[in-house]
Amino acid sequence: MLVQNLGAFVRHIGVRLIPGVNNLTLSEGQKFKKALEHPLNKYLIDKGEIVIAQDDDFASLASLDAKKAIELVNDTFELATLQKFREEEAAKGNRKTVIEAIDKQIESIKNPPEDKIVKPEE
C-alpha cells in the first residue's frame, strides 16, 4: 500500500508516516486502515494531507500511469523504497521516464546539491 503524507510533519496513524510517499507492508497497511476509524485520522484523509495513493496489498509503480508514478517517485525519500520501485519497474516495464525519475531521485538523496546540505554551526 502506498500512502502519501503531503504534510510537513511525521504522522502516526497506526504506523509512522514520514512526509512523502510511504510504502506500507501488509501488516502496516492493516494497522493504518484500522487507525483510520478514528475521526481525527479520517480528518487528515478528508483534508487531503494523507492520500492513499495505491490501496492494494502489493504496491507497485507498474500499475500506475507514468505521470502519477513519477509524481510519487519525486515525493519519495526512502532509498529502500526507491530501490524497490526501480527493481519492479525494470522487471515489469520499459518506461524509461519512470526509471530516469527514480535514478534522479536516488542521486539527489545520495548526493544532494551543495545548497541543500545542512552544515553544523562552527
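**Student:** Any details on the sheet that holds strand β4 (residues 20–23)? Residues and values, ideally.
**Tutor:** Taking strand neighbours across the sheet as the criterion, the three strands line up as β4-β1-β5 in an open arrangement whose pairing is antiparallel. For this open sheet the edge positions go to β4 and β5 (50–54), each flanked by a neighbour on one side alone. The sheet shows a mean angle of 30° between the axes of neighbouring strands, direction not considered.

**Student:** Got a sec to walk through the pairing of strand β1 (residues 2–5)? Specific residues and values, please.
**Tutor:** The two faces of β1 match: Leu2 and Gln4 on one face and Val3 and Asn5 on the other face are all buried. Across four bridges, the pairing between β1 and β4 is antiparallel. When the sheet's bridge partners are listed, valine 3 is paired in β4 with asparagine 22. As paired strands, β1 and β5 are joined by four bridges and run antiparallel to one another. The residue bridging leucine 2 from the neighbouring strand is glutamine 54, located in β5.

**Student:** Explain the packing of helix α4 (residues 79–92) against helix α5 (residues 96–110) to me, using residue names and the numbers behind them.
**Tutor:** Contact geometry of α4 with α5 gives a least axis separation of 10 Å together with a crossing angle of 160°. In this view, α4 runs roughly antiparallel relative to α5, as classed from their interaxial angle. When you trace α4 past α5, the crossing you get is left-handed. Counted together, Leu79, Leu82, Gln83, Phe85, Arg86, Glu89 and Ala90 of α4 and Val98, Ile99, Ile102, Asp103, Gln105, Ile106, Ile109 and Lys110 of α5 form the full contact between these two elements. Looking at the contact of α4 with α5, its residues break down into nine nonpolar, two polar and four charged.

**Student:** Go over the packing of helix α3 (residues 66–74) against α5, please, and point to the residues and values.
**Tutor:** Helix packing for two helices is described by the angle between their axes and how far apart those axes are. Look at α3 against α5: their axes get within 9 Å of each other, and the N-to-C directions meet at 5°. Judged by the angle between their axes, α3 and α5 are roughly parallel. Across the interface between the two elements, Ala66, Ala69, Ile70, Val73 and Asn74 from α3 touch Thr97, Val98, Ala101, Ile102 and Gln105 from α5.

Here is what the cut-offs are and how they apply
Every chain is numbered on its own, with residues counted from 1 as its sequence reads. Two thresholds apply to this predicted model, a pLDDT of at least 70 for residue-level local features and 80 or more for giving and counting side-chain atom pairs, whereas whole-chain, interface and lining totals are computed over all residues. The side-chain numbers reported here are obtained from all heavy atoms of the structure, hydrogens and water having been left aside. Here, any two strands with at least 2 DSSP bridges between them count as paired. Numbering goes from the N terminus for both helices and strands, where a helix is a DSSP run of H or I of at least four residues and a strand is a run of E of at least two. Orientation is described by lines fitted to C-alpha atoms, with helices fitted over the stretch in contact, and by angles between N-to-C directions that extend from 0 to 180 degrees. When accessible area is computed with a 1.4 Å probe and restricted to protein chains, residues below 20% of their type maximum are described as buried, those above 50% as exposed, and intermediate ones as partly exposed. Here the angle decides the label: under 35 degrees means roughly parallel, over 145 means roughly antiparallel, 65 to 115 means roughly perpendicular, and every other value means oblique. For any pair of crossing helices, the crossing counts as left-handed if the nearer helix is rotated counterclockwise from the farther one by less than a right angle, and right-handed if it is rotated clockwise. We call two residues in contact whenever any of their non-hydrogen atoms come within 4.5 Å of each other. Residues were grouped as follows: Ala, Val, Leu, Ile, Met, Phe, Trp, Tyr, Cys and Pro as nonpolar; Asp, Glu, Lys and Arg as charged; and all remaining residues, including Gly, as polar.

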